[in-house]
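# Coordinate inspection notes
Next come the chains, spelled out residue by residue.
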Amino acid sequence: MTTRFRRVNSGILLAAVCSFGLAGCNTASNLATPNVTNAPAAGFASIEPGSEEEFIINIGRRIYFDKGSATISSEAKMTIDNQAVWLKQNKKWLVKVQGHADDPGSEAAQKTLSAKRAAAVQSALVQRGVDPKRMWTKGYGVERPVTDCDEVTCQSQNRRVVVNLREEFDASAPQRN
């Protein structure tokens, strides 16, 4: 009952403050609307087009999967569509497609599933016109969890593929000629 009383009083107090605060601003000449809608977010004011930051912030690098599945969902296809467009415009970047898992089964099964997820995303990017010579995959299984807990919401965050930009091939890349 005390909580309900506080909520009612807070609402009354808020209404009173608003009406007093607005009473002195009833003419159009006194109104000013700050332009904060398009203000840059703190720390992201200098994102360069074609940069890794632009890819991460504006395009998105994670694709999530259903439990035990390497099938790309319709939501994930939208992200992959955007990634493909961006990657075709920014050809300087190489792409490491990293698969992850947090599903029931052995560690070996998790590695296999994560590799299938990475291969599915790479294939989808190739189908959308991204040069396969710029990409390679790696399945990590359960080695690199985003979060570690037994709750379904935590586990689902680990069922993912991360599309990472690289300036050069790393040791996990197949030999390139």
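Here is a short report on the structure shown in this document. Please read all numbers here as calculations on a predicted model, not as lab measurements. (Residues numbered from 1 in each chain as written. Predicted model: local features only at pLDDT ≥ 70, side-chain atom pairs only at ≥ 80, totals over all residues. Heavy atoms only, no water.)

Regarding its fold elements, the chain presents five helices and four strands. Traced from its N-terminal end to its C-terminal end, the chain shows the element sequence α-α-β-α-β-α-β-α-β. A burial count over the chain gives 30% of its 177 residues as buried. Just so you have it, the chain exposes about 11700 Å², and 53% of that area is on carbon and sulfur atoms. (Helix = DSSP H or I, 4+ residues; strand = E, 2+ residues; numbered from the N terminus. Buried < 20%, exposed > 50% of the residue type's maximum accessible area, 1.4 Å probe, protein only. Areas by Shrake-Rupley, 256 points an atom, 1.4 Å probe, with all protein chains shown as cover.)

The end-to-end C-alpha distance of helix α4 (residues 107-127), which contains 21 residues, comes to 30 Å, matching closely the 30 Å that a straight helix rising 1.5 Å per residue would cover. For α4, the complete set of buried residues consists of Q110, L113, S114, R117, A118, V121, Q122, A124 and L125. Tucked inside the fold, the buried residues of α4 contact β1 (62-64), α3 (74-89), β2 (94-99), β3 (135-139) and β4 (160-166). Just downstream of α4 lies G129, where phi reads positive at about 100°. (Expected span 1.5 Å × (residues − 1). Contact = heavy atoms within 4.5 Å.)

Quick look at the packing of aromatic side chains now. The final tally for this structure, using the stated rule, is two aromatic pairs. Relative to W86, the ring of F55 lies with its centre 4.9 Å away and its plane at 50°, an arrangement referred to as tilted. Note that F55 is positioned in helix α2 (residues 52-59) and W86 in helix α3, a separation of 31 residues in sequence. Here F55 falls in the buried class, since its relative accessible area comes to 1%. Among the residues examined, W86 registers a relative accessible area of 4% and is labelled buried. Sitting over the face of the ring of Y140, K138 holds its NZ or CZ atom 5.3 Å from the ring centroid. (Phe/Tyr/Trp six-rings, centres within 6.5 Å; stacked < 30°, edge-to-face > 60°. Lys NZ or Arg CZ within 6 Å of the ring centre and 35° of its normal.)

A word on α3. Helix length check: α3, at 16 residues, gives a terminal C-alpha distance of 23 Å against a target of 22 Å (1.5 Å per residue), a fit within 8%. Inspection of α3 places A76, I80, Q83, A84, W86 and L87 among the buried residues, and these make up the whole buried set. Check the buried side of α3 and you find it contacts α2, β1, β2, α4 and β4.

If you walk through the whole model with that rule in mind, you get three salt bridges. Taking the shortest distance from any N to any O, the salt bridge between R128 and D81 comes out at 2.4 Å. Of this pair, R128 sits in the loop between α4 and β3 while D81 sits in helix α3; the two residues are 47 residues apart in sequence, bridging distant segments of the chain. The shortest N-O distance in the salt bridge between D170 and K96 comes to 2.8 Å. (Salt bridge = Lys/Arg side-chain N within 4 Å of Asp/Glu carboxyl O.)

Take it as geometry only, folks, not as evidence of what the structure does.
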